[in-house]
Amino acid sequence: MGKIIIDILLALIILITAAFWLYAEKKDGGALKKKQKNVIKRILISSIIVFALQFVSADVFDMLNIRAFAYAGRILRLAAYLVSYVIIGGDILKKAFRGIKNKRVFDENFLMVIASLGALALAVYENGDYLEAVAVMIFYQIGELFQSYAVGKSRRNISALMDLRPDYANIETDGNIERVDPETVAPGTVISVLPGERVPIDGIITDGVSSVNTSALTGESIPRDVAVGDEVLSGCINLTGLIKIRTEKSFGDSTVSKILHLVEDASTRKSKSEDFITKFARYYTPAVCFAALALAFLPPLCKMLILGGSAGFGVWLYRALTFLVISCPCALVISIPLGFFAGIGGAGKAGILIKGSSFLEALAQTKIIVMDKTGTLTKGVFEVSEIHFNEAEKEKLLEYAALAESSSPHPIAKSIVSAYGGEIDRSRITEIEEIAGYGVTARVDGKLVAVGNGRFFKKLNIKCESLDVVGTVAYLAVEGEYKGYTVISDTVKSNSAKALKLLKKAGVKKTVMLTGDGKAVAEKVGKELGIDEIHSELMPEDKLRIVGELLKTKRKNERLAFVGDGINDAPALMTADIGIAMGAMGSDAAIEAADVVLMDDDPMKIVTGIRISRKCLSIVYQNIVFALSVKFISLILGAFGIVNMWIAVFADVGVMVLAVLNAVRALSVRLEK
Amino acid sequence: MANIYEIEVDCANCANLMEAAIRKVKGVQKADVSFMTQKLKLELCEGYNEKQVLKEALKECKKIEDDCEIYF
């Protein structure tokens, strides 16, 4: 019965390996490296030899025994198995030997060699089952093959996500387009970007209208329309029309180079979990070796000396060898960095650059979030937030105000003009008079319009309400008659409130808002968004102090994140456990100082980032717990002789496969909207 | 100033071992090997020749995995 199962298993190995080979060659076009192809061939050859030998029993070989040389058949049989053993395990023998030579004894090659050679020796002694030794090697090689294939494939997939590198830039000379290396293009050069091409260098459009896909930079999938005068960042894909761009920066300083550098750098910063596994693996392998040694000698010696029975060295030796097979730390060592890498890759796809797996880990433990107000929670630009004009004439009054203000460079004037939004017909405006610090008077369609603050209206002797509102008030009067007012303030981003609610839901305990603005404004915005703690009227250095104080209040396993737009808050970004810079693709200082860079300024990205890091961390922990528990269970079962070497290798390979597949799950990211 | 080099390494555990080995090479201030991106990030101490140190590092790595490669 057992033999049939083994036969079927061997046949399956041959079929699956062959099928895998065909698949990888045909479908995956050259994904297999030469080394991998060699391994496949060796697996096939040796399993076919072993499979064939299964049908020739030891008795058949024994018939070859001749009188002069009684063991001829036995030796021939051993030789056949040895050939297949060397074919499949030759390189591992070599590696193990080299390891010993280089004083690096306890690696997995060594374990496999000891286990399989031990099994072989037992089989020679008993003229029994040589198959086991070869099978252990075959399984081990299949495991290694699968691992290198799966890791290579996910590595390519993840890298492809972040593959923003433009290969060339088009320079037009005398009507001919010439492709050049983007690194050789000097700032100020005009380059052409054809539809479908990636913008190679940051610059400003000098000619052409198009829409660009910025998803590689921001994760935003809706194309952005661009025209002459607009800035386009490298890494965007030009979708519809030919555009010409005057480059603003060199290739090395462009957005795309910076992102690539960040991503490359990210993977070399290791997290605590990774360090844990590295340290673990360092002690684990030797520990298991010594445990195996103890298992081989202690129980039989006890049995012999104390109980006085037969020692049964063979049984215990076999169990010790099984122990060695199980001990290979591969699944752990591979799945953890892969999990983090996939997490960083997935975050990158969503427009969140995480500078290293240690920050991914910290992000998942974020309990306190400190946010800058202007530019982070609010848009950082002034907008008309309230209009209190006579309802019936509202449109017309706004038009008057806008026309009167149309030539003023003041931010308040500009926000009124943009609130109106209509065409400005300058021929309707005469006698413009602006008094700095007060307001503007002008004749619109012949009517005298006055827009300005309270002081201005007092000066003009026009009666107006005195108001207590948050923001800046601009009063309006037409022909000396008071008509109402508008409030201009920095408006809250449409996603801020939702983001803060979701942050709480995601487990953030405390939200803090810092701002240099007045108390009234800060309180209002804070209340609107549901923020726990508000600090207002701060100088830039106060922000740093408050972050420092908050850092002292948190508990040991909690992390504090500071979110800012990178303008004058670089010190706070660096002081916090995690500095998150928002919409910072333009600011070098922010990219340098931050640990996490959000490529656009949507506060929902903070939520997405935390979710990704949580998911990634839980996958990593699942893998650690899963791999370790399967190992320990098999170790215990192996020690009691319940698990044989076959199942041990199978468990080992199986755990690794599952762990790798689980790790790749971290790559898929749900975007928060 | 840290430089990043391509490194060819086949197993994750070996990458960790290589990292430890490279850190012990004379002239190396800081070294990180990333198995996932197959990159080596190396920071040298003052006054050491880059090529020399990398050569030494490669030698150490070959002891761990004889078919590994660092491209410099």
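Everything that follows concerns the structure shown earlier in this document.
Residues numbered from 1 in each chain as written. Chains lettered and ligands numbered in written order. Predicted model: local features only at pLDDT ≥ 70, side-chain atom pairs only at ≥ 80, totals over all residues.

Moving on to the overall build of chain A. The helix and strand inventory of chain A stands at 23 helices and 22 strands. Taking the principal axes of its C-alpha atoms as reference, chain A extends roughly 130 × 70 × 45 Å. Taken across its 673 residues, chain A has 44% of its residues classed as buried. Considering only intrachain contacts with a sequence separation of at least 6, the fraction spanning at least 24 residues in chain A is 66%. (Helix = DSSP H or I, 4+ residues; strand = E, 2+ residues; numbered from the N terminus. Buried ≥ 20, exposed ≤ 12 C-beta atoms within 10 Å, placed from the backbone. Contact = placed C-beta atoms within 7 Å.)

The secondary structure content of chain B amounts to two helices and four strands. Helices and strands in chain B line up, N terminus first, as β-α-β-β-α-β. The C-alpha atoms of chain B give 11 Å as radius of gyration, which agrees with the globular expectation for 72 residues (11 Å, within 12%). On the principal axes, the C-alpha backbone points of chain B span a range of 30 × 20 × 20 Å. Counting across all 72 residues of chain B, residues that qualify as buried make up 47%. If you take every contact in chain B between residues at least 6 apart in sequence, the share linking residues at least 24 apart comes to 58%. (Rg over C-alpha atoms; globule rule 2.2 N^0.38 Å.)

Residue and element names in this part refer to chain B. Between its first and last C-alpha, helix H2 (residues 50-64) extends 21 Å over 15 residues, near the 21 Å set by a 1.5 Å rise per residue. Buried residues of H2: Val53, Leu54, Ala57, Leu58, Cys61 and Ile64, and no others. Relative to the axis of H2, the buried residues are bounded by an arc of 140° and lie together on one face. Of the exposed residues in H2, those oriented more than 90 degrees away from the buried face are Lys51 and Lys59. (Expected span 1.5 Å × (residues − 1). Arc of directions from axis to C-beta.)

Moving on: the nonpolar core. Judged by nonpolar contacts, the single largest core of 176 residues is most densely connected at Val134, Val136, Leu321, Val370, Ile580 and Val596 of chain A together with Met18 of chain B. No other element matches the 13 residues that helix H6 (residues 131-161) of chain A contributes to this core. The residue makeup of this core includes at least three contributed by each of domain 1 (169-265) and domain 2 (348-379 + 494-612) of chain A. When sequence neighbours within four positions are dropped, the list of residues in contact with Val370 of chain A reads Val512, Leu514, Val547, Leu550, Leu560, Phe562 and Ala576 of chain A. Membership of the second largest hydrophobic core comes to 27 residues, among which are Val440, Ala442, Val449 and Phe456 of chain A. (Core = buried A, V, L, I, M, F, W, Y, C linked by C-beta atoms within 7 Å. Domains from an automatic or database assignment.)

All names here are of chain A. Read across the open sheet, the six strands follow the order E2-E1-E3-E9-E4-E7; overall the sheet is antiparallel. Every interior strand has two partners, whereas the edge strands, strand E2 (176-180) and strand E7 (231-232), have only one. Judged from the two bridges that link them, strand E1 (residues 169-173) and strand E3 (residues 190-193) form a sheet pairing that is antiparallel. Bridged to Asn170 within E3 is Ser192. (Pairing = 2+ DSSP bridges.)

This part takes up helix H14 (residues 394-405) of chain A. Residue and element names in this part refer to chain A. In this model H14 runs 16 Å from its N-terminal to its C-terminal C-alpha over 12 residues, within 8% of the 16 Å that 1.5 Å per residue would give. All of the buried residues along H14 are Leu398, Glu399, Tyr400, Ala401, Ala402, Leu403, Ala404 and Glu405. Contacts from the buried residues of H14 go to strand E12 (378-389), helix H15 (411-420), strand E13 (429-435), strand E14 (439-444), strand E15 (447-452) and strand E16 (472-478).

Two quantities define a packed helix pair, namely the angle between the helix axes and the distance between the axes. Residues and elements named next belong to chain A. Here helix H17 (residues 496-505) crosses helix H22 (residues 604-639) at 25°, and the two axes come no closer than 8 Å. Here H22 runs roughly parallel to H17, going by the angle between their axes. Along this stretch, H17 crosses H22, giving a crossing that reads as left-handed. Each of Lys498, Ala499, Leu502 and Leu503 in H17 lies in contact with H22, whose residues at this interface are Met604, Ile606 and Val607. (Axes fitted to C-alpha atoms, helices over the stretch in contact; angles between N-to-C directions. Parallel < 35°, antiparallel > 145°, perpendicular 65-115°, else oblique. Left-handed = near helix turned anticlockwise from the far one by under 90°.)

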